[in-house]
Amino acid sequence: MIFRVLILFLFLWESCAPRYLTGGVVRVADGDTFTLLIGKNQQRIRLYGIDCPERGQPYNRVATAFTKELLSSGPVKVREMDIDRYGRVVGIVYIADTINLNERLLEAGLAWHCAVYDRNPLWMAKEQEAREARRGLWTESGAVAPWHWRKGEKH
């Protein structure tokens, strides 16, 4: 009986443990999406909890360049949080084990925090701080969130 409980515990522990992916970046699509080469396989990665400006929106190119620069500054590790409907790994990205890319984009004012999917109060505060300091896209009056932009809403 103890053996069965131990096996069940180990199985549950393994399934609850965070999964990390490591590899080299082969392409940056935009500020919040890139492709990671893991061994011989490519995996698209979407940053968890944030949304950067879409192509055609102000600061899209700035966010993309920011992401490229940070991703090239050290080894990349992705903490898998989910898989989206497009098969992309949705994750928190760490560079050189110390830089949290998701947070850096919020701090630079190059992303919105998606509070619908992530309730992290620290990330909410980072976006608010960037807004108040008028950093990045927050220098624009009436910045349109990407989820509205994709639907054609310009408010």
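For the structure, see preceding data.
Analysis parameters
Residues numbered from 1 in each chain as written. Predicted model: local features only at pLDDT ≥ 70, side-chain atom pairs only at ≥ 80, totals over all residues. Heavy atoms only, no water. Core = buried A, V, L, I, M, F, W, Y, C linked by side-chain atoms within 4.5 Å. Buried < 20%, exposed > 50% of the residue type's maximum accessible area, 1.4 Å probe, protein only. Helix = DSSP H or I, 4+ residues; strand = E, 2+ residues; numbered from the N terminus. Contact = heavy atoms within 4.5 Å. Expected span 1.5 Å × (residues − 1). Arc of directions from axis to C-beta. Polar contact = N/O pair within 3.5 Å; in protein donor to acceptor, adjacent residues only side chain to side chain. Pairing = 2+ DSSP bridges. Patch = residues over 30% accessible without salt bridge, like charges linked within 9 Å, V, L, I, M, F, W, Y side chains within 5 Å. Areas by Shrake-Rupley, 256 points an atom, 1.4 Å probe, with all protein chains shown as cover. Salt bridge = Lys/Arg side-chain N within 4 Å of Asp/Glu carboxyl O. Lys, Arg positive; Asp, Glu negative; His and termini not counted. Charge placed at Lys NZ, Arg CZ, Asp CG, Glu CD.

A. Geometry of the nonpolar core. Ranked by internal contacts, the top residues of the largest apolar core, which has 26 residues, are Phe 34, Ile 45, Leu 71, Val 78, Val 93, Leu 101 and Leu 105. If you list the elements that add at least two residues to this core, you get β1 (19–30), β2 (33–38), β3 (41–47), α2 (60–71), β5 (76–83), β6 (89–95) and α3 (101–107). By residue number, the principal contributor to this core is β6, which donates five residues. With sequence-adjacent residues up to four places away left out, Leu 71 is seen in contact with Val 25, Val 28, Phe 34, Val 76, Val 93, Ile 95 and Leu 101. Grouped together as the second largest cluster of nonpolar side chains are five residues, Ala 130, Leu 137, Trp 138 and Ala 145 included.

B. Representation of helix α4 (residues 121–133) in the model. End to end, α4 covers 18 Å across 13 residues, agreeing with the expected 18 Å (1.5 Å per residue, within 8%). Every buried residue belonging to α4 is among Trp 123, Lys 126, Glu 127 and Ala 130, and all of these are buried. All buried residues of α4 lie within an arc of 95° about the axis, which places them on one face of the element. Away from its buried face by more than 90 degrees, α4 exposes Pro 121, Glu 129 and Glu 132.

C. Molecular detail of the side chain of Asp 84. With respect to the helices, strands and loops of the structure, Asp 84 is situated in the loop between β5 and β6. With relative accessibility at 18%, the residue Asp 84 sits in the buried group. Engagement of the side chain of Asp 84 in a polar contact is seen with the side chain of Arg 88, the distance being 2.6 Å. If we ignore the near neighbours within four places in the chain, the residues touching Asp 84 are Arg 46 and Val 90.

D. Spatial organisation of the pairing of β1. Pairing geometry for β1 and β5, over five bridges, is antiparallel. Following the sheet pairing, Gly 23 is matched in β5 by Val 76. Once β1 ends, the chain turns through two residues before running back antiparallel as β2.

E. Expanded view of a positive patch on the surface. On the surface, a cluster of positive charge is contributed by Arg 27, Arg 44, Arg 55 and Lys 68. Assignment of secondary structure puts Arg 27 in strand β1. You can call Arg 27 partly exposed: its relative accessible area is 44%.

F. Up close: unusual backbone geometry. One non-glycine residue, Tyr 59, lies in positive phi territory at about 75°. Owing to a relative accessible area of 24%, Tyr 59 belongs among the partly exposed residues under this scheme. In this model, Arg 134 sits at a positive phi of 55°, which is unusual for a non-glycine residue. With respect to the helices and strands, Arg 134 occurs in the loop between α4 and α5 (146–150).

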